[in-house]
Amino acid sequence: MSLLPLVILPDPLLREISKPVADLDGRVKALIEDMFETMYEAPGVGLAAVQVGVTQRIVTMDATRGDDDKEPLALINPEIIWSSDQLSDYEEGCLSIPDYHEVVTRPAKVGVRFLTLAGKIEEREMEGLAATVIQHEIDHLNGKLFIDHLSKLKRDRVLKKFQKIARHQGGA
Ligand code: NI
């Protein structure tokens, strides 16, 4: 296992649409292991493969908190199959937009269908933090960021800040 470098705003890779995974081979398994290690180390509650530079539809997440036992979940080709009318507000952050948090409103509950690493189709109902995380991560697979859910004013302010940081780092 190894820690992977994170793709940070305003890297244009974050705007790419990830491709469905066709083969559940050893590379996918190794990538998922590295994604979990990178996510837990950050620490974060969710990670999309594009955030480590791989534009494939793979998400790792763990919405447990504090001293609860870890519940790592890897989702391959995940899709939202239904979402509740009821909404909920959650203060979100993103490993690709470090040190920035803002409240986002999303459906409070969603149904998610995905492939497991074993190639099994699974469906789960998610609510609370898990619902927020999976919607945020599936957005990543579609080239969308949580700041896209904010007002243009707020989004432009964050973008400017990160463009400035990138310039000072010589675009590294
Ligand atoms: Ni994110």
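Here is a short report on the structure shown in this document. Within every chain, residues take consecutive numbers counted from 1 along the sequence as written. Residues qualify for local features only when their pLDDT is at least 70, as the model is predicted, and side-chain atom pairs are given and counted only at 80 or more; totals for whole chains, interfaces and linings, by contrast, use all residues. To obtain the side-chain values, all non-hydrogen atoms of the structure were included, while hydrogens and water were left out.

1. Quick notes on the pairing of strand E5 (residues 97-107)
- Criterion used throughout: strands pair if DSSP finds at least two bridges between them. Helix and strand labels come from DSSP, where a helix needs a run of H or I of at least four residues and a strand needs a run of E of at least two; each type is numbered from the N terminus. The sheet contact formed by strand E4 (residues 87-94) and E5 spans 7 bridges and is antiparallel. Looking at E5, one finds that Leu87 is bridged to Pro107.
- Turn length for the E4-E5 hairpin, with the two strands adjacent in sequence and antiparallel, is 2 residues.

2. Focus on the pattern of salt bridges
- What counts as a salt bridge is simple: a side-chain nitrogen of Lys or Arg found within 4 Å of a carboxyl oxygen of Asp or Glu. The full count for this structure, using the stated rule, is 10 salt bridges.
- Note that Lys154 is salt-bridged to Glu102, the shortest N-O span being 3.5 Å. Of this pair, Lys154 sits in helix H3 (residues 152-168) while Glu102 sits in strand E5, and the two are 52 residues apart along the sequence.
- Each residue is assigned to one of three classes by its accessible area relative to the maximum for its type, calculated with a 1.4 Å probe on protein chains only: buried under 20%, partly exposed between the two thresholds, exposed over 50%. For Lys154, a relative accessible area of 32% translates into the label partly exposed.
- Two residues, Glu122 and Arg124, come together in a salt bridge whose shortest N-O distance is 3.1 Å.
- Each of Glu92, Arg106 and Asp139 takes part in one network of salt bridges that share partners.

3. Concerning the coordination of the nickel ion
- Bound to the nickel ion on the protein side are Cys94 (SG), His136 (NE2) and His140 (NE2), at distances that span 2.1 to 2.3 Å.
- Counting the intervening residues between successive donors of the nickel ion yields the motif C-x41-H-x3-H. Of this pair, Cys94 sits in strand E4 while His136 sits in helix H2 (residues 128-141), and the two are 42 residues apart along the sequence. Like His136, Cys94 is buried. We call an atom a donor if it is N, O or S and sits within 2.8 Å of the metal, or 3.2 Å for Na, K and Ca. Water is not counted, so some sites may look partial.

4. With respect to unusual backbone geometry
- Following Leu9, the chain continues to Pro10 via a peptide bond in cis, the omega torsion being 5°.
- Along the polypeptide, Pro10 turns up in the segment before helix H1 (26-41).
- The omega torsion across Ala42 and Pro43 is -10°, close enough to zero to call that bond cis.
- Secondary-structure assignment places Pro43 in the loop between H1 and strand E1 (46-48).
- Even without being glycine, Asn77 reaches a positive phi, approximately 50°.
- As for its placement among the helices and strands, Asn77 is situated in strand E3 (residues 73-83).
- Judged by its relative accessible area of 19%, Asn77 is buried.
- With a phi angle near 60°, Asp99 is a residue other than glycine that sits in the positive phi range.
- Looking at the secondary structure, you find Asp99 in strand E5.
- For Asp99, a relative accessible area of 72% puts it in the exposed group.

5. Looking at the packing of aromatic side chains
- The pairing test for Phe, Tyr and Trp rings, Trp by its six-membered ring, is centres within 6.5 Å, and the orientation test on the planes gives stacked under 30 degrees, edge-to-face over 60, and tilted for anything in between. Applying the stated rule across the entire model yields 2 aromatic pairs.
- Both a distance and an angle decide whether a charge sits over a ring: NZ of Lys or CZ of Arg must be within 6 Å of the ring centre and within 35 degrees of the ring normal. A cation over a ring is seen here: Lys70 above Tyr40, with NZ or CZ 5.0 Å from the ring centre.

6. Brief notes about the side chain of His140
- Inspection of the secondary structure assignment puts His140 in helix H2.
- A relative accessible area of 1% means that His140 is categorised as buried.
- Between two residues, a contact is recorded if the distance between any of their heavy atoms is within 4.5 Å. Apart from residues lying up to four places away in sequence, His140 is in contact with Glu16, Ala48, Val50, Gln51, Cys94 and Leu145.

7. Quick notes on the nonpolar core
- What we call a nonpolar core is a set of buried Ala, Val, Leu, Ile, Met, Phe, Trp, Tyr and Cys residues that are connected through their side-chain atoms within 4.5 Å. In this structure, Met61, Leu73, Leu75, Val110, Val112, Met126 and Ile134 are the most contacted members of the largest nonpolar core, which totals 17 residues.
- Mapped onto this core, the elements with two or more residues apiece are strand E2 (58-61), E3, strand E6 (109-115) and H2.
- For this core, the element with the most residues is H2, which contributes 7 residues.
- In this view, Leu75 contacts Arg57, Ile58, Val59, Met61, Val112, Phe114, Leu115, Met126 and Ile134; residues no more than four positions away in its chain are not counted.

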